[in-house]
Amino acid sequence: MVAQHFAHVDTWVFDLDNTLYPPEARLFDQIEVRMTAWVMEALGVSQAEADRLRVLYWQNYGTTLAGLMAEHDVDPAPYLTDVHDISLAPLTPAPDLHAAIKALPGRKIVYTNGSAPYAAKVIDARHLTGVFDAIYGVEHAGFRPKPDRAAFEAVFAIDGLAPATAAMFEDDARNLAAPHAMGMRTVHVAPKAEPIDHIHHHTDDLTAFLARLVG
């Protein structure tokens, strides 16, 4: 039974985008459009070049923001406010997910490469408010992004969680490498399974997976 692999877990860490809501909501499509527009204006480049840099920085630095900070010394606060100014209309309430997360024993937290205020709005739109004990954004890691291990260490130190008794749920497989190395149970939440050593479990249905853990 999968539940036996989580018997030791007392802290449950959830990514936000494409984890606590389905990829079909396509919120990140909106965010990417705003990222490209922001890069165009801030750096004075064409849309094609802004798109290229957005992807390049995401690949090389973990997030577009991290690349912009490293390469162009941008102020992260205005960027985060602007790119997360999107419509949450595609999100629907998730009462079953609410119940499944609430039933988990111990602390439940959200840790995202987005900002904490944005995460709070998404959580509210999904009717998951009140389920989580804490919400952490990239700002809590000094704007270092996942998959940087130092980012996880910073957030986990703030929260006081012990990785050996924690589990991480995440849609981006590369963001599970550091948690795995730190001793966490790792769950890849994505439509397609990837046979990767640092992933313990895969699911394409987070609600159903969590329901299996609490019977």
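All figures in this text were calculated on a predicted structure; none of them were measured in a lab.

## A look at the layout of surface pockets
To find the voids left in a structure, one rolls a probe of water-molecule size over its atoms. Considering only enclosed or pocket space, the largest pocket measures out at about 540 Å³ in volume. If you go around the largest pocket, you meet 28 residues; those closest to its centre are Phe-28, Trp-58, Gly-62, Thr-63 and Asn-113. Looking at the lining of the largest pocket, the elements with two or more residues in it are α1 (27–43), α2 (47–61), α3 (64–72) and α4 (76–83). The leading source of residues in the lining of the largest pocket is α1, at 4 residues. The class makeup of the residues in the lining of the largest pocket is 10 nonpolar, 9 polar and 9 charged.

## Quick look at the sheet that holds strand β6 (residues 201–203)
Taken in spatial order, the 6 strands line up as β3-β2-β1-β4-β5-β6 in an open sheet, and their pairing is parallel. Two strands bound the open sheet, and with one partner strand each, they are β3 (134–136) and β6. With direction set aside, neighbouring strand axes in the sheet form an average angle of 20 degrees. Sheet strands touched by helix α9 (residues 206–214): β1 (11–14), β4 (166–170), β5 (185–189) and β6. Its angle to β4, the strand with the most contacts, is close to 160 degrees.

## Re the nonpolar core
By size, the foremost hydrophobic cluster in this structure holds 48 residues, and its most contacted members are Phe-6, Phe-14, Leu-20, Phe-169 and Leu-210. In this structure, Ala-134, Phe-156, Ala-166 and Ala-178 belong to the second largest nonpolar core, which totals 20 residues.

## Overview of the pairing of β4
The element β4 is extensively covered by neighbouring structure, given that 5 of its 5 residues are classed as buried. Across the two faces of β4 the burial is the same, with Ala-166, Met-168 and Glu-170 and Ala-167 and Phe-169 all buried. As paired strands, β1 and β4 are joined by 4 bridges and run parallel to one another. From the neighbouring strand, Val-13 faces β4, where its bridge partner is Met-168. Taken together, the 4 bridges between β4 and β5 define a ladder with parallel strand orientation. In the strand pairing of β5, Met-168 is matched with Thr-186.

## Observations concerning the side chain of Glu-170
Position of Glu-170 among the secondary structure elements: in strand β4. Glu-170 sits in the buried class, given a relative accessible area of 1%. Within the structure, Glu-170 has its side chain in polar contact with the side chain of Asn-175 (distance 3.3 Å). Beyond its immediate chain neighbours, meaning those up to four positions away, Glu-170 contacts Asp-15, Thr-19, Lys-146, Asn-175, Leu-176, Val-187, His-188 and Val-189.

## Quick word on the packing of aromatic side chains
One pass over the structure, following the stated rule, counts 10 aromatic pairs. When the centroid spacing of 5.8 Å and the interplanar angle of 80 degrees are considered together, the rings of Phe-6 and Phe-209 count as edge-to-face. Separated by 203 residues along the polypeptide, Phe-6 in the segment before β1 and Phe-209 in helix α9 bring together distant segments of the chain. Taken together, Phe-6, Trp-12, Phe-14, Phe-132, Phe-169 and Phe-209 form an aromatic cluster joined through their ring pairs. Over the aromatic face of Trp-58 sits the side chain of Arg-174, whose NZ or CZ is 3.9 Å from the ring centroid.

Rules used throughout
- Residues numbered from 1 in each chain as written.
- Predicted model: local features only at pLDDT ≥ 70, side-chain atom pairs only at ≥ 80, totals over all residues.
- Heavy atoms only, no water.
- 1 Å grid on protein atoms, 1.4 Å probe; cavity = no way out; pocket = protein on both sides within 12 Å on 5 of 7 lines; lining within 4 Å.
- Points joined across faces, edges and corners; volume = space filled by probe spheres on them.
- Helix = DSSP H or I, 4+ residues; strand = E, 2+ residues; numbered from the N terminus.
- Nonpolar A, V, L, I, M, F, W, Y, C, P; charged D, E, K, R; others polar.
- Pairing = 2+ DSSP bridges.
- Axes fitted to C-alpha atoms, helices over the stretch in contact; angles between N-to-C directions.
- Contact = heavy atoms within 4.5 Å.
- Core = buried A, V, L, I, M, F, W, Y, C linked by side-chain atoms within 4.5 Å.
- Buried < 20%, exposed > 50% of the residue type's maximum accessible area, 1.4 Å probe, protein only.
- Polar contact = N/O pair within 3.5 Å; in protein donor to acceptor, adjacent residues only side chain to side chain.
- Phe/Tyr/Trp six-rings, centres within 6.5 Å; stacked < 30°, edge-to-face > 60°.
- Lys NZ or Arg CZ within 6 Å of the ring centre and 35° of its normal.

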